[in-house]
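Observations on the model geometry
If you want the building blocks of each chain, they are given just below.
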Amino acid sequence: QENNIKICVCSNSEKARVINCLEELELTSYVTGVYGGTDCGHTKPDSFIYIQAMKDNNISPEDTIVIEDSTAGIKAGVNSGAFVIAYKDAYDIADQHEANVIVNNFIEAEKYITLIITLLLLMLRFSANELSMKKKTKPATVIYKYTSGA
């Protein structure tokens, strides 16, 4: 949240059920929005749920990362225009070939997400410095604090 990173949960389950799970896991404070496919009238593989989350949070598809394990969810994420990380399902039965990246665990997913955020921040810094050179002002500094939680 300190870096203005928004986290939404988009599930085919009922929104109330997802919220209950987040509350039980004490994760609600990390989540910006919860979207239930059955509540919005569109379930995956329809990309509506992701597009709605992006719209509500004023985020472009190019700035969105979707983590999915199901074939329908991956298809929805890809069709929304987001970068899709497929998390291998427990039984390795989902067709995940459409994802941009397939990972075996959340540590691998975290590495990709960290890399993407770092690259975006470097691009922002480069753009800000380029702009400051044109205006002859002090260069911008971007600070990104990353903790792995391990």
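Above this text you will find the structure in question.
Residues numbered from 1 in each chain as written. Predicted model: local features only at pLDDT ≥ 70, side-chain atom pairs only at ≥ 80, totals over all residues. Heavy atoms only, no water.

**Considering the overall build of the protein**
In terms of regular secondary structure, the protein is built from 5 helices and 5 strands. Every one of the 150 residues in the protein was classed for burial, and the buried ones make up 27%. Relative to all contacts within the protein whose residues are 6 or more apart in sequence, the contacts with residues 24 or more apart total 44%. For the protein, the exposed area adds up to about 10,200 Å²; of that, 56% sits on carbon and sulfur atoms. (Helix = DSSP H or I, 4+ residues; strand = E, 2+ residues; numbered from the N terminus. Buried < 20%, exposed > 50% of the residue type's maximum accessible area, 1.4 Å probe, protein only. Contact = heavy atoms within 4.5 Å. Areas by Shrake-Rupley, 256 points an atom, 1.4 Å probe, with all protein chains shown as cover.)

**Some points on helix α3 (residues 48-56)**
Looking only at α3, the buried set comprises I49, Y50, A53 and M54. Buried positions in α3, seen along its axis, are confined to an arc of 135° and lie on one side of it. Turning to α3, the residues buried within the fold contact β1 (8-11), β2 (33-36), α2 (37-40), β3 (65-68) and α4 (71-80). Phi turns positive one or two residues past the end of α3, at N58, with a value near 55°. (Arc of directions from axis to C-beta.)

**Description of the pairing of β1**
Here 4 bridges tie β1 to β2, and the two strands are oriented parallel to one another. Its bridge partner being in β2, C10 is matched across the sheet by Y35. (Pairing = 2+ DSSP bridges.)

**Some remarks on the environment of A109**
Note on placement: A109 falls in helix α5 (residues 106-135). Taking the C-alpha atoms as reference points, A109 and I67, 42 residues apart in sequence, are found 8.2 Å from one another. A109 has contacts with I85 and V103, leaving out every residue within four places of it along the chain.

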